[in-house]
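Architecture and fold: a report
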Amino acid sequence: MSSVTRSDAALRAFLHGLPGVDQVGAEQRAAMLGTRSIKTTAKAWAIDLAIRMVDLTTLEGADTPGKVRALCAKARRPDPADPTCPPVAAICVYPAMVPVAVEALAGSGIHTASVATAFPSGQAPLEVKLADTKAAVAAGADEIDMVINRGAFLSGRYLEVFEEIAAVKQACGTAHLKVILETGELATYDNVRRASWIGMLAGGDFIKTSTGKVPVAATLPVTLVMLEAVRDFRDLTGRQVGVKPAGGIRTTKDAVKYLVLVNETAGDDWLDPDWFRFGASTLLNDLLMQRTKLTTGVYSGPDYFTLD
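Model, not experiment: these values are computed from the prediction. (Residues numbered from 1 in each chain as written. Predicted model: local features only at pLDDT ≥ 70, side-chain atom pairs only at ≥ 80, totals over all residues. Heavy atoms only, no water.)

We now examine the overall build of the protein. Scanning the protein for helices and strands turns up 12 helices and eight strands. For a compact globule of 308 residues, the expected C-alpha radius of gyration is about 19 Å, and the protein comes in at 19 Å, within 12% of that figure. Looking at the protein as a whole, 54% of its 308 residues are labelled buried. Between the centroid of the 32 positive side chains of the protein and the centroid of its 34 negative side chains there is a distance of 2 Å. (Helix = DSSP H or I, 4+ residues; strand = E, 2+ residues; numbered from the N terminus. Rg over C-alpha atoms; globule rule 2.2 N^0.38 Å. Buried < 20%, exposed > 50% of the residue type's maximum accessible area, 1.4 Å probe, protein only. Lys, Arg positive; Asp, Glu negative; His and termini not counted. Charge placed at Lys NZ, Arg CZ, Asp CG, Glu CD.)

This is how it looks when you write it as structure tokens:
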């Protein structure tokens, strides 16, 4: 695929040569798959899988070391009353909080993810973005969530977007890179498909929908388009890339819809925390409430679990 990225013209020709997204078809298929329901044993399996896929996130200006440590404790033991409840996949924090998370998660196997590259706007010089990334990795982050340059993408400067992602990937070293497309700002499904391919061609280990900081975050149709992209990319290159919807996913019912979408679009190879994540702060509590209801027959209510 190196010939595709040898010049701006070659990359543009490739991206605009991708099949167009049928907007009505994508929305109807996502809506249809969203009506699937699962019961009892399958639901219990889906809830535990969804918990294991959560990137438990706090990205607020008021974050404190104490808040991050409490979140890490919850990541390790989401339900303190039930040791069979699995841990989450990762904690996602700002770079300044990475050392706190790394210390609190030591020995747990839970990943420490950090947003970087002038999150959420991405409006900073490349040198600043690379320094931001390197600092987070040096502090112990083993996953980096970067934002693409939407201004460059929407201006048609595709090679600039590609080269920036590739440079950040190099700065990550051994850390995994999640490429945030901020799909709510990309306007069309065709743009989502093109941005997905740029992120994958540039070496991204995951493509991610959103920062959670704009009004329109993850949606089922957008995630469908991204799942089709990773499926097609693996068919073409042999390399598998993960997908992470983030922002606005709050209920167990929502999470199950996404799991059905993954299975029916990309296939069960992606039904694993290594290849699919939920970026969420409030989703975990609803998963825990539904899990308790399934295992005990009693609905615990929201006050039973800590607020994040």
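Let us look at the pattern of salt bridges. The tally for this structure, following the rule as stated, stands at 21 salt bridges. Here Asp-63 makes a salt bridge to Lys-67, at a shortest N to O gap of 3.4 Å. Of the residues examined, Asp-63 reaches a relative accessible area of 10% and is grouped as buried. Take Lys-67: its relative accessible area is 31%, and that puts it in the partly exposed class. The partner of Asp-205 in a salt bridge is Lys-169, with the nearest N and O atoms 2.8 Å apart. (Salt bridge = Lys/Arg side-chain N within 4 Å of Asp/Glu carboxyl O.)

Further remarks concern the sheet that holds strand S2 (residues 90-93). With respect to topology, eight strands assemble into an open sheet ordered S7-S6-S5-S4-S3-S2-S1-S8, the strand pairing being parallel. Among the strands making up the open sheet, the edge pair consists of strand S7 (242-244) and strand S8 (278-280). The sheet shows a mean angle of 25° between the axes of neighbouring strands, taken without regard to direction. In terms of strand pairing, strand S6 (residues 206-208) meets S7 through three bridges, oriented parallel. Paired with Lys-208 across the bridge in S7 is Lys-244. Across the sheet, helix H8 (residues 158-172) is in contact with strand S4 (143-147) and strand S5 (176-180); its angle to S5 comes to roughly 150°. (Pairing = 2+ DSSP bridges. Axes fitted to C-alpha atoms, helices over the stretch in contact; angles between N-to-C directions. Contact = heavy atoms within 4.5 Å.)

What follows is about the packing of helix H3 (residues 40-52) against helix H11 (residues 252-265). Where H3 contacts H11, the two axes come as close as 10 Å, and the packing angle between them is 90°. Our classification of the angle between H3 and H11 gives roughly perpendicular. In contact with Ala-46, Ile-47, Leu-49 and Ala-50 of H3, H11 contributes Thr-252, Ala-255, Val-256 and Leu-259. Of the residues that constitute the contact of H3 with H11, the class distribution is seven nonpolar, one polar and no charged. (Parallel < 35°, antiparallel > 145°, perpendicular 65-115°, else oblique. Nonpolar A, V, L, I, M, F, W, Y, C, P; charged D, E, K, R; others polar.)

Turning to helix H9 (residues 189-201), a few remarks are in order. Here H9 contains 13 residues, and its C-alpha end-to-end distance of 18 Å stays within 8% of the 18 Å for a straight helix at 1.5 Å per residue. Within H9, burial applies to Tyr-189, Asn-191, Val-192, Arg-193, Arg-194, Ala-195, Ser-196, Trp-197, Ile-198, Gly-199, Met-200 and Leu-201. Once H9 finishes, Gly-203 follows within two positions and takes phi at roughly 105°, a positive value. (Expected span 1.5 Å × (residues − 1).)

This part takes up unusual backbone geometry. Residues Phe-119 and Pro-120 are joined by a peptide bond in cis, for which omega reads 0°. Of note, Pro-120 is situated in the loop between strand S3 (111-116) and helix H6 (126-138). The backbone of Ala-118 shows a phi angle near 60°, a positive value even though the residue is not glycine. As for its position among the elements, Ala-118 is in the loop between S3 and H6. Within the chain, Ala-187 stands out as a residue other than glycine whose phi angle is a positive 75°. Within the secondary structure, Ala-187 is located in the loop between S5 and H9.

Moving on, we come to the side chain of Arg-194. If you trace the backbone, Arg-194 turns up in helix H9. Asp-190 is the oppositely charged side chain nearest to the buried, salt-bridge-free Arg-194, at an N-O distance of 4.5 Å. Contacts of Arg-194, omitting those with residues within four sequence positions, involve Leu-15, His-16, Leu-18, Phe-153 and Tyr-158.

Let us look at the pairing of S5. Taking burial as the measure, the five residues of S5 include four buried ones, the bulk of the element. Here S5 runs beside S6; their pairing, made up of three bridges, is parallel. Looking across to S6, one finds that Val-179 is bridged to Ile-207. In this region the chain leaves S5, passes through H9 and returns to the parallel neighbour S6; the handedness of that crossover is right-handed. (Right-handed = clockwise from strand over helix to strand, strands pointing away.)

Moving on: the packing of aromatic side chains. Per the counting criterion, the structure on display carries six aromatic pairs. Here Tyr-94 and Phe-119 contribute two aromatic rings whose centre-to-centre distance is 6.1 Å and whose plane-to-plane angle is 75°, an arrangement assigned as edge-to-face. One end of the pair, Tyr-94, is in the loop between S2 and helix H5 (98-105); the other, Phe-119, is in the loop between S3 and H6, and 25 residues separate them in sequence. Consider the rings of Trp-197 and Phe-233, whose centres lie 5.5 Å apart with planes at 75°: the pair is edge-to-face. One end of the pair, Trp-197, is in helix H9; the other, Phe-233, is in helix H10 (residues 220-237), and 36 residues separate them in sequence. Note on accessibility: Trp-197 and Phe-233 belong to one class, buried. (Phe/Tyr/Trp six-rings, centres within 6.5 Å; stacked < 30°, edge-to-face > 60°.)

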